[in-house]
Amino acid sequence: MSSQFLDDRRRAVNRTVARTLVVLAAMCLFSVALVPLYDVFCEVTGLNGKTSSQAQSLSAESADQSRLVTMQFITRASKGLPWSLSAETRQLRLHPGQSAEVHFTFRNLGDRAYVARAVPSVSPSEASLHLRKLACFCFENQRLAAGERFEAPLVFQLTRDLPEDVKTVTLVYTLYEQRVSLSRSRASQQPGGET
Amino acid sequence: MASHLPPGSSAQSHQLETAGTVSDTHYAGPKGLMRWLLTTNHKEIGTLYLLFSLSMFFIGGLFAMVVRAELFQPGLQLIQPEFFNQMTTMHGLIMVFGAVMPAFVGLANWMIPLQIGAPDMALPRLNNFSFWLLPVAFTMLLATLFMPGGAPNFGWTFYAPLSTTYAPPSTTFFIFSLHMAGISSILGAINIIATILNLRTPGMRMMDMPLFVWTWLITAFLLIAVMPVLAGVITMMLLDIHFGTSFFNAAGGGDPVLFQHLFWFFGHPEVYIMILPAFGIVSVILPTFARKPLFGYASMVYATAAIAILSFLVWAHHMFVVGLPLAAELFFMYSTMLISVPTGVKVFNWITTLFRGSLTFEPPMLFALAFVVLFTIGGFSGLMLAISPADFQYHDTYFVVAHFHYVLVPGAVFAIMAAVYYWLPKWTGHYPHLRLSQWHFWLSVIGVNLTFFPMHFAGLAGMPRRIPDYALQFADFNMVTSIGGFLFGLSQLLFVLVVVLCIRGGNKAPAKAWEGAEDLEWTVASPAPLHTFETPPDFTPHRH
């Protein structure tokens, strides 16, 4: 077997390995890029049922008197957080285009202060693009002392371009403790309101 | 006993033995343990992979036996639910990453150089490294069983936030062990690609390669493509657990559903990584014992490539119930069903290969035939699960468990066993004990069907998976399943006995151990000497 043959093989192997390493590196970058891609995709399509994290303006449009949509509110506390969150009404019916205000009450049932945030999720997810929040407690963290009670409004509007087949929109608020903020706020008695 | 020796093979084999260049096997390297630690020989590394896989198969199997013992009757008898969850999780992880994948890599190491006429793998030292990562990775994974808080308990799919916010502390070790197993797979895949593309004997074109080589080439590309995604997703878990990020944590603005998308973008190609080499093995064994060329060689290659490409477009069929929009449900339902077309081509080709062949039923053939029948059953239940509206009923029930065990046990595992029986004469120079092999086959077939067939009914009736207790109406199905499981588990001890006996002795095998075997590996002596094809063998395309 000539050494020429072996050298050629060695070079060919090195070339293949270099190419596979390029593909490998590209796939590594791709897997990291999937996270922002997913976020952008969801923001455009509303697929993950998230709503805007900032107050939006009222879209000036007349109410669509021809149909009524049921708006439901579900609230829950996550494991390990002794809070309750309740809505003044479990559900209401409104016309698309109309705005409404619902009051929510936070209660800290524990024996110390906690910082928590209500994280929203909309179902069906297609509706999340058509739910505009003019004011919401969910834009910031809440800090409640032991036994404290706090009432906050949600002002929202379902826009007229809500798809016809959506008859019910469910808005879920889950309370999550914000641990990072609490450890900071304990020291400074100032809730860290990073968003 | 001698009846299964292919008649007239010995005369032919002497002539063939000279076809491949057989070098002297005087071995001058280190002895004992260091020999195995430092070896760069593809045959020795292949053997190490296979032995590692076999031991993991028994450890994972032991966990399955614990699960089946607990599920033998309703109520909690033997173990606590927390430990039950650890057992199901570890069983899945060990079997997928520790048993099935290394077994295929071991077979690739042993057989790809022999089948393409190469002296060794292209990167022998890398080969050594990618093997020795595995014992470290799985020692670490198994060590989590003895850690405070116990082993991972969130299922082999490790969905966040179960595997992040609510996970036991040992999850960090699980992440590192999976990183190591992933690096091992990637390095192995690079090596296999470099070997197949560059070290074929002169005259062997791509479309002359045995199908086992073809399927492994495609599998290696799948590994390169999706292992980085697995590495990425477990790294994000690590960051979520220890560094305060919120990739999958809704409290911090993350999204648990993102985890499922990323996991299954890796996970669906991963399940094909575990079955494509099996397709290759069966496509090599069936023609040998039908004494006919494989029907539709080119269509087999294209079908394998089509399955591999489609595997990237179907991931969300594992997530039909997370709340996908209607368009996505339809897209993933149809794309999943599309996969049954190339798979159907394969099954058609296998059956047509058998048609009017001179069939004999040696142990490798028995396992390969069982593969074709039982894998197809698993394929059909997969088609049922692909129907999105029906999947809302089947999701997370024992129907899913039955489906993926049918494609993995009588699918992947039977193909591995078929391969072992097929190539044992080449590895050891002896035929496996015929009677014992037949006993092993029949007990395994009965055991497998007794275990997994009733799971279909339990699942359709609504029994959820991953639960240590169940409602009384599932008691009979579960008792049958457990009895079948114990039978299957015990009969694998026979497999070890056959392998040990075959290493120690048995009927001598000639170079061409099976009458209908045509590929290059049958031109070297049995047992294959340590170094083969140091000069490339002559190759003339003989069929396809």
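Conventions used here
- Residues numbered from 1 in each chain as written.
- Chains lettered and ligands numbered in written order.
- Predicted model: local features only at pLDDT ≥ 70, side-chain atom pairs only at ≥ 80, totals over all residues.
- Heavy atoms only, no water.
- UniProt positions renumbered as here; feature names shortened; annotations may be inferred.
- Helix = DSSP H or I, 4+ residues; strand = E, 2+ residues; numbered from the N terminus.
- Rg over C-alpha atoms; globule rule 2.2 N^0.38 Å.
- Buried < 20%, exposed > 50% of the residue type's maximum accessible area, 1.4 Å probe, protein only.
- Contact = heavy atoms within 4.5 Å.
- Lys, Arg positive; Asp, Glu negative; His and termini not counted.
- Charge placed at Lys NZ, Arg CZ, Asp CG, Glu CD.
- Buried area = accessible area lost by both parts, 1.4 Å probe.
- Salt bridge = Lys/Arg side-chain N within 4 Å of Asp/Glu carboxyl O.
- Polar contact = N/O pair within 3.5 Å; in protein donor to acceptor, adjacent residues only side chain to side chain.
- Nonpolar A, V, L, I, M, F, W, Y, C, P; charged D, E, K, R; others polar.
- Disulfide = S-S within 2.5 Å.
- Pairing = 2+ DSSP bridges.
- Axes fitted to C-alpha atoms, helices over the stretch in contact; angles between N-to-C directions.
- Domains from an automatic or database assignment.
- Core = buried A, V, L, I, M, F, W, Y, C linked by side-chain atoms within 4.5 Å.
- Expected span 1.5 Å × (residues − 1).

- Chain B carries the name Cytochrome c oxidase subunit 1 in an unreviewed UniProt entry, which gives Halomonas halmophila as its organism.
- The record held by UniProt for chain B lists under Sequence similarities (unreviewed entry) the comment "Belongs to the heme-copper respiratory oxidase family."

- Looking at an unreviewed UniProt entry, one finds chain A named Cytochrome c oxidase assembly protein CtaG and attributed to Halomonas halmophila.
- Recorded under Sequence similarities (unreviewed entry), the UniProt text for chain A is reproduced unchanged: "Belongs to the COX11/CtaG family."
- Heading Subcellular location (unreviewed entry) of the UniProt record for chain A holds this comment: "Cell inner membrane".

## What about the overall build of chain A?
And step 1. Counting its secondary structure elements, chain A contains 2 helices and 9 strands.
And step 2. Secondary structure elements in chain A, listed N-terminal to C-terminal, are α-β-β-β-β-β-β-β-β-β-α.
And step 3. Here the C-alpha radius of gyration of chain A, 25 Å, is well above what a compact globule of 195 residues would show, namely 16 Å.
And step 4. C-alpha extents for chain A along the principal axes are approximately 85 × 55 × 25 Å.
And step 5. Counting only residues that meet the buried cut, chain A has 43% of its 195 residues in that class.
And step 6. A separation threshold of at least 6 residues defines the contact pool for chain A, and within that pool the share at least 24 residues apart is 77%.
And step 7. Within chain A, the 18 negative side-chain charges are centred at a point lying 8 Å from the centre of the 23 positive side-chain charges.

## Regarding the overall build of chain B
And step 1. Looking only at helices and strands, chain B features 16 helices and 0 strands.
And step 2. A compact globule built from 544 residues should have a C-alpha radius of gyration of about 24 Å, and chain B, at 23 Å, falls within 12% of that.
And step 3. Expressed as lengths along the three principal axes of its C-alpha atoms, the size of chain B is roughly 70 × 45 × 45 Å.
And step 4. Residue burial in chain B is summarised as follows: out of 544 residues, 62% are buried.
And step 5. For chain B, contacts bridging at least 24 residues in sequence account for 83% of all contacts bridging at least 6.

## Quick notes on the interface of chain A and chain B
And step 1. Taken together, the contact between chain A and chain B spans 27 residues of the former and 36 residues of the latter.
And step 2. Of the roughly 2600 Å² buried where chain A meets chain B, counting both sides, 72% is carbon and sulfur surface.
And step 3. Counting across the chain A and chain B interface gives 0 salt bridges.
And step 4. At the boundary of chain A with chain B, the tally comes to 7 residue pairs in polar contact (both at pLDDT 80 or more).
And step 5. By residue number, the principal contributor to the side of chain A that touches chain B is helix 1 (residues 3–45) of chain A, which donates 18 residues.
And step 6. Its residues assigned to classes, the side of chain A that touches chain B comprises 17 nonpolar, 6 polar and 4 charged.

## A short note on the UniProt feature "transmembrane region" (unreviewed entry) in chain A
And step 1. When the UniProt feature table is mapped onto this chain numbering, "transmembrane region" (unreviewed entry) sits at residues 21–38 of chain A.
And step 2. Counted over residues 21–38 of chain A, helix gives 100% and strand 0%. Its end C-alpha atoms are 26 Å apart.

## Description of the side chain of B:Glu362
And step 1. Inspection of the secondary structure puts B:Glu362 in the loop between helix 11 (326–354) and helix 12 (363–386).
And step 2. Although B:Glu362 lies buried, it forms no salt bridge, and the closest oppositely charged side chain, B:Arg291, sits 4.3 Å away as judged by the N-O distance.

## Here we look at the state of the cysteines
Residue and element names in this part refer to chain A.
And step 1. Counted under the stated rule, the structure contains 1 disulfide over all chains.
And step 2. Between the sulfur atoms of cysteine 136 and its disulfide partner cysteine 138 the distance amounts to 2.3 Å. In this structure, the disulfide formed by cysteine 136 and cysteine 138 twists by about 135° around the S-S bond and is classed as right-handed. By the burial criterion, cysteine 136 is buried, and cysteine 138 matches it.
And step 3. Looking at the unpaired cysteine 42, the closest cysteine sulfur is the one in cysteine 138, lying at 18 Å.

## Re the UniProt feature "domain: Cytochrome oxidase subunit I profile" (unreviewed entry) in chain B
And step 1. If you check UniProt for "domain: Cytochrome oxidase subunit I profile" (unreviewed entry), the listed places come out as residues 36–540 of chain B in our numbering.
And step 2. The distance separating the terminal C-alpha atoms of residues 36–540 of chain B is 36 Å; by composition the span is 68% helix and 0% strand.

## What to know about the sheet that holds strand 6 (residues 131–135) of chain A
Residues and elements named next belong to chain A.
And step 1. The 4 strands lie next to each other as 2-4-8-6, forming an open sheet whose pairing is antiparallel. Sheet topology places strand 2 (83–87) and strand 6 at the edges, where each strand pairs with a single neighbour. On average, each strand axis in the sheet is inclined to that of its neighbour by 30°, with strand direction left out of account.
And step 2. Relative to strand 8 (residues 149–158), strand 6 runs antiparallel, the two being bridged by 4 bridges. Within strand 8, the position partnered with lysine 133 by the bridge is phenylalanine 156.

## A closer look at the domain arrangement of chain A
Where interface size is given, it is often the accessible area lost as the parts come together that is meant.
And step 1. Taken domain by domain, chain A holds domain 1 (1–45) and domain 2 (69–188).
And step 2. A C-alpha centroid distance of 45 Å is found between domain 1 of chain A and domain 2 of chain A.

## So, the nonpolar core
And step 1. Ranked by size, the top nonpolar core spans 188 residues in total, and within it B:Phe97, B:Leu107, B:Phe138, B:Phe158, B:Trp216 and B:Phe371 carry the most contacts.
And step 2. Membership of the second largest hydrophobic core comes to 34 residues, among which are A:Phe104, A:Val122, A:Phe139 and A:Leu175.

## Quick word on helix 9 (residues 276–290) of chain B
Turn by turn, an α-helix covers 3.6 residues, leaving residues three or four places apart pointing in a common direction.
All names here are of chain B.
And step 1. End to end, helix 9 covers 21 Å across 15 residues, agreeing with the expected 21 Å (1.5 Å per residue, within 8%).
And step 2. By the criterion of burial, helix 9 is predominantly enclosed, with 15 of the 15 residues buried.
And step 3. Directly after helix 9, the chain includes arginine 291, whose backbone phi takes a positive value near 55°.

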